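Listed below, chain by chain, are the residues.
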Amino acid sequence: AQSVTQLGSHVSVSEGALVLLRCNYSSSVPPYLFWYVQYPNQGLQLLLKYTSAATLVKGINGFEAEFKKSETSFHLTKPSAHMSDAAEYFCAVSEMNTGFQKLVFGTGTRLLVSP
Amino acid sequence: GAGVSQSPRYKVAKRGQDVALRCDPISGHVSLFWYQQALGQGPEFLTYFQNEAQLDKSGLPSDRFFAERPEGSVSTLKIQRTQQEDSAVYLCASSAQVLSEQYFGPGTRLTVT
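Residues numbered from 1 in each chain as written. Chains lettered and ligands numbered in written order. Predicted model: local features only at pLDDT ≥ 70, side-chain atom pairs only at ≥ 80, totals over all residues. Heavy atoms only, no water.

1. Let's talk about the environment of Thr113(B)
All names here are of chain B.
Piece 1. If you trace the backbone, Thr113 turns up in the segment after strand S11 (108–112).
Piece 2. Each C-alpha atom, one on Thr113 and one on Ser87, is 8.7 Å from the other, the two residues being 26 residues apart in sequence.
Piece 3. In contact with Thr113, other than residues within four places in its own chain, are Val12, Ala13, Lys14, Arg15 and Gln84. (Helix = DSSP H or I, 4+ residues; strand = E, 2+ residues; numbered from the N terminus. Contact = heavy atoms within 4.5 Å.)

Spelled out as C-alpha cells, the structure:
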C-alpha cells in the first residue's frame, strides 16, 4: 500500500522567510502526489499536484513542490512566508484502486508564521 | 459557485445514539468520497461513490457505518450506536470526473459523549 510521511508536526517561520515542508512517499508504482492546505474549520484546498509530467510543480499562493524519485520526496516550498500562510498542510498520495483516485494522507504539518 | 456543503457542521451525540451526516456535492459531480479525520491526524478514506454506485467501502471502520447516495447526488453517512472512538471530523469530497480534482466540504465535527 502507498503511504506518505510528513516530517515535523509543526514548523515555525518568520514572515518573509523560506517555507519548507517535508513529505516522503512510499509507492511501488509511479505515484500521483498532492499538497492540500486546511484552514481552521474549513475543508481541504488543493495547493498543487504531481501527475508524472514536470517534476517541478507550481501551485497557488506562490507554493511549489519538486518530485524527486531518487529521494522519494515531494517537499513543499515557498520563498517568502506570509502571515496568511499559517495553516495545516497535508501531503497525499493517490492509490488507483478500481480506477478511482483514493487519497492517502500524511499526518499533517502545522505552519506557524510569526511577524 | 456553490461548493461542497455538509450538515450539520457540529453534532454532539450520546454514546449509543444513531447519527446521520449529510453531504451536498457540487452539482453534476460524478464522484463522491467520505473521509474521517481524527484529532491531530490526516483524513482517512472511508468510502467512494460513482454516481449512485458505492464502488469502495473498504475504509468503513465497522458495520455500524453505512453510506448511501440513492440518486447520485446528495449522500448520507450514517453511524449507528455511536462510540467515543467515532468522535472525529467527517469530510466529504466530490469530483467532476473519476480522476479529477477532489473538492472538499467544511466537514461535520462529531463528538460522542
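From this point, the discussion proceeds with the structure in view.
2. Let's talk about the packing of aromatic side chains
Piece 1. Counted by the stated rule, this structure contains 18 aromatic pairs over all chains.
Piece 2. Note on Phe100(A) and Tyr48(B): the rings are 4.0 Å apart at their centroids and 10° apart in plane angle, and the pair reads as stacked. On the criterion of chain membership, the pair formed by Phe100(A) in strand S10 (residues 100–105) and Tyr48(B) in strand S5 (residues 44–50) is interchain, its members lying in two chains.
Piece 3. Using a relative accessible area of 0% as the deciding quantity, one classes Tyr48(B) as buried.
Piece 4. On the basis of an interplanar angle of 75° and a centroid distance of 6.3 Å, the ring pair of Phe105(A) and Phe104(B) is categorised as edge-to-face. Remark: Phe104(B) occurs in strand S10 (residues 103–104) and Phe105(A) occurs in strand S10; the pair is interchain, linking two chains.
Piece 5. Among the aromatic side chains, those forming a connected cluster through ring pairs are Phe34(A), Tyr36(A), Phe90(A), Phe100(A), Phe105(A), Phe33(B), Tyr35(B), Phe45(B), Tyr48(B) and Phe104(B). (Phe/Tyr/Trp six-rings, centres within 6.5 Å; stacked < 30°, edge-to-face > 60°. Buried < 20%, exposed > 50% of the residue type's maximum accessible area, 1.4 Å probe, protein only.)

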